[in-house]
Amino acid sequence: MTLADMPSPATGNDGAVASGKGSRAGQPKRRTFSAAYKARILREYDALETGHERGALLRREGLYSSHIADWRKSRDAGAVSGLDGKPAGRPGRSAAEVENERLRKENERLTAELARTKAALEVAGKAHALLELLSESADSGVKRQK
């Protein structure tokens, strides 16, 4: 068991809520509820008659009265589709955007590699010219035969 897999006593992270990896590892994961679950809980809540029974339902499900108020408002505003809600966070990137990003990074990598190759060839050409000059000066007494 690694350190990341062990429960954190400070945050109560048992691995079920947060993965323990990434920049937001210490923060709990926001709960999401399906539209069917919201509708079922609203039906159960409205069927109960006393505040004690309703409180027991909320405690059993781990919900707050604000959940019920928000879900009712959504239900009344847009019928059943109002319970769906929008997914939290930034919308995902399309396949074309992902491919463009991959190609852009590959292009940058290949451009840098080409620049290094050109610089190496330039250095090799200069070294060859220098060796040619040294060779000619050493052979100044003896003519080279071609």
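Being a predicted model, the structure only gives us computed values, none of them experimental.

Rules used in this analysis
Residues numbered from 1 in each chain as written. Predicted model: local features only at pLDDT ≥ 70, side-chain atom pairs only at ≥ 80, totals over all residues. Heavy atoms only, no water. Helix = DSSP H or I, 4+ residues; strand = E, 2+ residues; numbered from the N terminus. Buried < 20%, exposed > 50% of the residue type's maximum accessible area, 1.4 Å probe, protein only. Contact = heavy atoms within 4.5 Å. Areas by Shrake-Rupley, 256 points an atom, 1.4 Å probe, with all protein chains shown as cover. Phe/Tyr/Trp six-rings, centres within 6.5 Å; stacked < 30°, edge-to-face > 60°. Polar contact = N/O pair within 3.5 Å; in protein donor to acceptor, adjacent residues only side chain to side chain. Core = buried A, V, L, I, M, F, W, Y, C linked by side-chain atoms within 4.5 Å. pLDDT = per-residue confidence, 0-100. Salt bridge = Lys/Arg side-chain N within 4 Å of Asp/Glu carboxyl O.

Before going further, it helps to examine the overall build of the chain. A count of helical and extended segments in the chain gives 4 helices and 0 strands. Helices and strands in the chain line up, N terminus first, as α-α-α-α. Per-residue burial for the chain yields a buried fraction of 12% across its 146 residues. Considering only residue pairs separated by 6 or more positions, the chain has 42% of its internal contacts joining residues 24 or more positions apart. Accessible surface, the chain as shown: approximately 12,300 Å² in total, 57% of it carbon and sulfur.

In this fold, His67 is placed in helix H3 (residues 65–78). Assessed through its relative accessible area of 17%, His67 is described here as buried. Setting aside residues up to four positions removed in sequence, His67 forms contacts with Arg31 and Phe33.

Now for the packing of aromatic side chains. Each aromatic ring pair is described using two quantities: the centre-to-centre distance and the angle formed by the ring planes. All told, the structure shown has 3 aromatic pairs when counted by the stated rule. With a centroid separation of 5.4 Å and an interplanar angle of 15°, the aromatic rings of Phe33 and Tyr37 are classed as stacked. We classify Tyr37 as buried; its relative accessible area is 18%. Ring geometry for Tyr37 and Trp71: centres 6.3 Å apart, planes at 80°, overall edge-to-face. Of the two residues, Tyr37 is situated in helix H1 (residues 35–47) and Trp71 in helix H3; the sequence distance between them amounts to 34 residues. Trp71 gets classed as buried once you look at its relative accessible area, which sits at 6%. Every member of this aromatic cluster is reached through a ring pair, and the members are Phe33, Tyr37 and Trp71.

This part is about the environment of Arg72. Along the chain, the position of Arg72 falls in helix H3. Between the alpha carbons of Arg72 and Leu42 there is a distance of 7.4 Å; along the sequence they are 30 residues apart. In terms of polar contacts, Arg72 uses its side chain to reach the side chain of Asp46, at 2.5 Å.

Below, the discussion takes up the nonpolar core. Residues Tyr37, Ile41, Leu42, Tyr45, Leu57, Leu58, Leu63, Ile68 and Trp71 constitute the largest nonpolar core, which totals 9 residues. Only H1, helix H2 (51–61) and H3 provide two or more residues apiece to this core. With 4 residues, the single largest contributor to this core is H1. With near-sequence residues (within four places) excluded, Ile68 lies in contact with Ile41, Leu42, Tyr45 and Leu58.

Right, let's get into the confidence of the model for the chain. Confidence in the prediction of the chain, expressed as mean pLDDT, is 79, and 73% of residues score 70 or more. Element-level mean pLDDT values for the chain span from 85 in H3 up to 94 in helix H4 (residues 95–138).

What follows deals with the pattern of salt bridges. Counted according to the given criterion, the structure contains 13 salt bridges. The partner of Arg109 in a salt bridge is Glu113, with the nearest N and O atoms 3.6 Å apart. Remark: Glu113 and Arg109 occur in helix H4; sequence separation between them is 4 residues, near one turn of the helix. Accessibility expressed as a relative area gives 47% for Arg109, which makes it partly exposed. When salt bridges that share partners are traced, they join Arg40, Glu44, Arg60 and Glu61 into one network.

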